[in-house]
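A look at the structure
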Amino acid sequence: MENVVVGPCALSEHVDEALGVQAVAFGLGPEEVAIRRQIVLRHLACRGARALAAHSTSDGRMVGFVYGLPNDRAHWWSSVVQPYLRAQGNDGWLDDSFVITELHVLPDFQSRGIGRRLITEITDTATEPRSILSAIDGESPARHLYRALGYRDLARPVHFPSAPRPYAVMGAPLPLSRRPE
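Below is a summary of the structure that appears in this document. Small disclaimer: the values here were computed from a predicted structure and weren't measured. (Residues numbered from 1 in each chain as written. Predicted model: local features only at pLDDT ≥ 70, side-chain atom pairs only at ≥ 80, totals over all residues. Heavy atoms only, no water.)

Some points on the overall build of the chain
- Looking only at helices and strands, the chain has 5 helices and 7 strands in total.
- Walking the chain from its N terminus toward its C terminus, one meets helices and strands in the order β-α-α-β-β-α-β-α-β-α-β-β.
- Taking 16 Å as the expected radius of gyration for a compact globule of 181 residues, we find that the chain reaches 15 Å, a close match to that expectation.
- Along the three orthogonal principal directions, the C-alpha set of the chain runs to about 50 × 40 × 30 Å.
- The buried share among the 181 residues of the chain stands at 46%.
- Long-range contacts, defined as pairs at least 24 residues apart, comprise 68% of the intrachain contacts of the chain with a sequence gap of at least 6.
- For the chain, the accessible surface area stands at approximately 9,200 Å², while carbon and sulfur atoms represent 53% of it.
- Side-chain charges in the chain split into 19 positive and 20 negative, and the spacing between the mean points of these groups amounts to 5 Å. (Helix = DSSP H or I, 4+ residues; strand = E, 2+ residues; numbered from the N terminus. Rg over C-alpha atoms; globule rule 2.2 N^0.38 Å. Buried < 20%, exposed > 50% of the residue type's maximum accessible area, 1.4 Å probe, protein only. Contact = heavy atoms within 4.5 Å. Areas by Shrake-Rupley, 256 points an atom, 1.4 Å probe, with all protein chains shown as cover. Lys, Arg positive; Asp, Glu negative; His and termini not counted. Charge placed at Lys NZ, Arg CZ, Asp CG, Glu CD.)

Shown next, in the form of structure tokens:
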């Protein structure tokens, strides 16, 4: 089994490698990767944005990454999820929150604690008292991980324009739970 190291990443310099991971992990085609490239670069220019990457020690390739930033109600994501959160009495979660924007691990490296390390290490650097994210609304290993870390559903189903499946918005107080699964 390959060893993996997790550390800070200048994601804007490695955006294509990261999007390659996301494309495999999330099943994206070239057109969607091209669109997401511009979105990632725009996010990374925001104040407080930061990223971590997981690299294989055997060949140095990126096998996972996470990035996030302090939430801003003026951002597109917040404007989409805010009505859903408000309907559940949870729109206060948009304030003083660190958003996990993307978290992806290559399928061959999943279920090895890499996603857990990425999300806990990045949220440990947050000055905000809580974290929010969106995940496909269905039972999945990702949703299981988020719940184990203390995230709970704040709104679901949430429909993003052009997304074929509904999402759930989840939130957790920081620091994230370290209780064993």
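There is more to say, and it comes next.
What to know about the side chain of Gln 22
- Mapped onto the fold, Gln 22 is located in helix 1 (residues 15-26).
- Filtering out sequence-adjacent residues up to four positions away, Gln 22 remains in contact with Gly 27, Leu 28, Arg 36, Phe 65, Glu 102 and His 104.

Describing the packing of aromatic side chains
- Using the criterion set out here, one finds 3 aromatic pairs in the structure.
- Between the aromatic rings of Trp 76 and Phe 160, the centroid separation amounts to 5.8 Å while the plane-to-plane angle is 35°, which identifies the pairing as tilted. With Trp 76 in helix 3 (residues 76-87) and Phe 160 in the loop between strand 6 (152-158) and strand 7 (167-173), this residue pair connects regions lying 84 residues apart in the sequence.
- Its relative accessible area of 10% is what places Phe 160 among the buried residues.
- Residues Tyr 146 and Tyr 151 carry aromatic rings whose centres are separated by 5.9 Å and whose planes lie at 65° to one another, so their mutual orientation is edge-to-face. (Phe/Tyr/Trp six-rings, centres within 6.5 Å; stacked < 30°, edge-to-face > 60°.)

Here's the deal with the nonpolar core
- Within the largest apolar cluster, 44 residues are counted, with the highest numbers of intra-cluster contacts made by Leu 11, Ile 100, Leu 118, Ile 119, Tyr 146 and Tyr 151.
- Excluding residues that lie within four positions of it along the chain, Tyr 146 makes contacts with Leu 103, Ile 119, Leu 133, Ala 135, Tyr 151 and Met 170.
- Grouped together as the second largest cluster of nonpolar side chains are 14 residues, Val 81, Leu 85, Trp 93 and Tyr 167 included. (Core = buried A, V, L, I, M, F, W, Y, C linked by side-chain atoms within 4.5 Å.)

Topic: unusual backbone geometry
- Cis geometry marks the peptide bond from Arg 156 to Pro 157, where omega comes out at -10°.
- Looking at the secondary structure, you find Pro 157 in strand 6.
- Cis geometry marks the peptide bond from Leu 174 to Pro 175, where omega comes out at 5°.
- Relative to the elements of secondary structure, Pro 175 occurs in the segment after strand 7.
- Even without being a glycine, Asp 96 presents a positive backbone phi close to 55°.
- You can see Asp 96 is positioned in the loop between helix 3 and strand 4 (97-105).
- Residue classification places Asp 96 among the exposed positions, given a relative accessible area of 53%.
- The phi dihedral of Ser 162 is positive, around 70°, even though this residue is not glycine.

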